[in-house]
Amino acid sequence: MINRKEHWEKIYSEKQPDQVSWFQTEPKKSLEMISHAGTPKDGRIIDVGGGASVLVDRLLNAGFKNVTVLDISNAALEYAKERLGNRAEQVKWIVSDVTAFDPSKQFDLWHDRAVFHFLTEETDRKKYATIVGHSLKPGGHLILASFAPDGPNMCSNLNVCQYDAERIQRELGGDFQLIREDSETHVTPWKKDQKFRYFLFLRK
Ligand SMILES: C[S@@+](CC[C@H](N)C(=O)[O-])C[C@H]1O[C@@H](n2cnc3c(N)ncnc32)[C@H](O)[C@@H]1O
């Protein structure tokens, strides 16, 4: 079995960003949730497992000055950097497995669309919960988007977990307060519906 990093590097070396099931032209729900979080323009924002997503472009367009994108795949981040051109210099890029991430400074906002749900081992989910707990300032926000209970149970040939509010809250523990929940039916490039849930948490 190939390891996690090899898996994702292979995906991004074989496919263009708009040929993957999770591709979005506009990360509409993420932007709505970010707007509800009310993160200031100079707040520290991280898109975890951001891949080649255009969320970073939209955040820069909106005037956010302190944006970090982390992904396990270097190839994914290279797509995003190439697309941004000179503007890529305004962003901090980190190649890391999120379950081994140890930031030197805390963030105001942590965004994760379709990354946490790949953590099918309890030990990895616990590591993630601990890391996100340490990485966010008290009063900061966590946006997590995952497949819904009636969503797919696989993505990119990997098993995933599906979440409703109760299950995601159980994974994250009492340091996080759910303040908003939303649903989205994502349509893949080959026109297949995928049910997502979006959760906005306050780091107490
Ligand atoms: C389904 S894609 C979603 C990409 C992006 N968030 C979006 O919405 O377009 C999952 C992304 O998470 C990255 N990833 C998977 N497991 C990871 C991990 N353990 N640590 C960091 N990134 C990871 C993959 O390389 C991939 O870019």
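Scroll up to find the structure.
Computed from a prediction, not measured in an experiment: that's the story for all the values here.

Conventions we followed
Residues numbered from 1 in each chain as written. Predicted model: local features only at pLDDT ≥ 70, side-chain atom pairs only at ≥ 80, totals over all residues. Heavy atoms only, no water. Helix = DSSP H or I, 4+ residues; strand = E, 2+ residues; numbered from the N terminus. Rg over C-alpha atoms; globule rule 2.2 N^0.38 Å. Buried < 20%, exposed > 50% of the residue type's maximum accessible area, 1.4 Å probe, protein only. Contact = heavy atoms within 4.5 Å. Pairing = 2+ DSSP bridges. Axes fitted to C-alpha atoms, helices over the stretch in contact; angles between N-to-C directions. Near = heavy atom within 4 Å. Polar contact = N/O pair within 3.5 Å; in protein donor to acceptor, adjacent residues only side chain to side chain. Areas by Shrake-Rupley, 256 points an atom, 1.4 Å probe, with all protein chains shown as cover. Nonpolar A, V, L, I, M, F, W, Y, C, P; charged D, E, K, R; others polar. Right-handed = clockwise from strand over helix to strand, strands pointing away.

Trainee: What am I meant to see in the overall build of the protein chain here?
Mentor: Within the protein chain one finds 6 helices and 9 strands. For a compact globule of 204 residues, the expected C-alpha radius of gyration is about 17 Å, and the protein chain comes in at 16 Å, within 12% of that figure. Taking the principal axes of its C-alpha atoms as reference, the protein chain extends roughly 40 × 40 × 30 Å. The proportion of buried residues among the 204 residues of the protein chain is 51%.

Trainee: What should I look at first to understand the side chain of R125 in this one?
Mentor: With respect to the element layout, R125 can be found in helix α5 (residues 122-135). What makes R125 buried here is its relative accessible area of 9%. If we skip the residues at most four places from it in the chain, R125 touches F116, L119, T120, C161, Y163, R167 and E171.

Trainee: For this particular structure, what's the right way to read the sheet that holds strand β9 (residues 193-203)?
Mentor: Sheets are built from strands paired through backbone hydrogen bonds, the pairs being either parallel or antiparallel. Pairing is mixed across the open sheet formed by 7 strands, whose spatial order is β3-β2-β1-β4-β5-β9-β8. The open sheet is flanked by β3 (91-95) and β8 (176-187), the only strands paired with a single partner. On average, each strand axis in the sheet is inclined to that of its neighbour by 15 degrees, with strand direction left out of account. In terms of strand pairing, β8 meets β9 through 11 bridges, oriented antiparallel. Opposite R180, over in β9, you have L200 as the bridge partner. Helix-sheet contacts for α5 involve β4 (107-113), β5 (136-147), β8 and β9, and the interaxial angle to β5 is about 140 degrees.

Trainee: Help me understand the site of the ligand in this model?
Mentor: The ligand sits among 19 residues. The nearest are Y12, G49, D71, V98 and R113. In the model, an oxygen atom of the ligand is placed 2.7 Å from a nitrogen or oxygen of the R113 side chain. Protein contacts shield 97% of the accessible area of the ligand, which totals 590 Å² for the unbound molecule. Elements with a contribution of two residues or more to the shell around the ligand: α1 (4-14) and β2 (66-71). The leading source of residues in the shell around the ligand is α1, at 3 residues. In the shell around the ligand, the residues fall into 9 nonpolar, 6 polar and 4 charged.

Trainee: In this structure, what is going on with the pairing of β3? I would like to understand it.
Mentor: Consecutive residues of a regular strand have side chains that alternate between opposite faces of the sheet. Where β2 meets β3, 5 bridges bridge the pair, whose relative direction is parallel. Across the sheet, the residue bridging to V67 is V91, located in β3. In terms of handedness, the path from β2 via helix α4 (residues 74-84) over to β3 forms a crossover that is right-handed.

Trainee: Can you walk me through unusual backbone geometry in this structure?
Mentor: Trans is the prevailing form of peptide bonds, just as negative phi is the prevailing case for residues other than glycine. Non-glycine residue S156 carries a positive phi angle of around 55 degrees. Relative to the elements of secondary structure, S156 occurs in the loop between β6 (154-155) and β7 (158-159). With a relative accessible area of 15%, S156 lands in the buried category. Non-glycine residue K191 carries a positive phi angle of around 65 degrees. You can see K191 is positioned in the loop between β8 and β9. Classification of K191 by relative accessible area gives exposed; the value is 68%.

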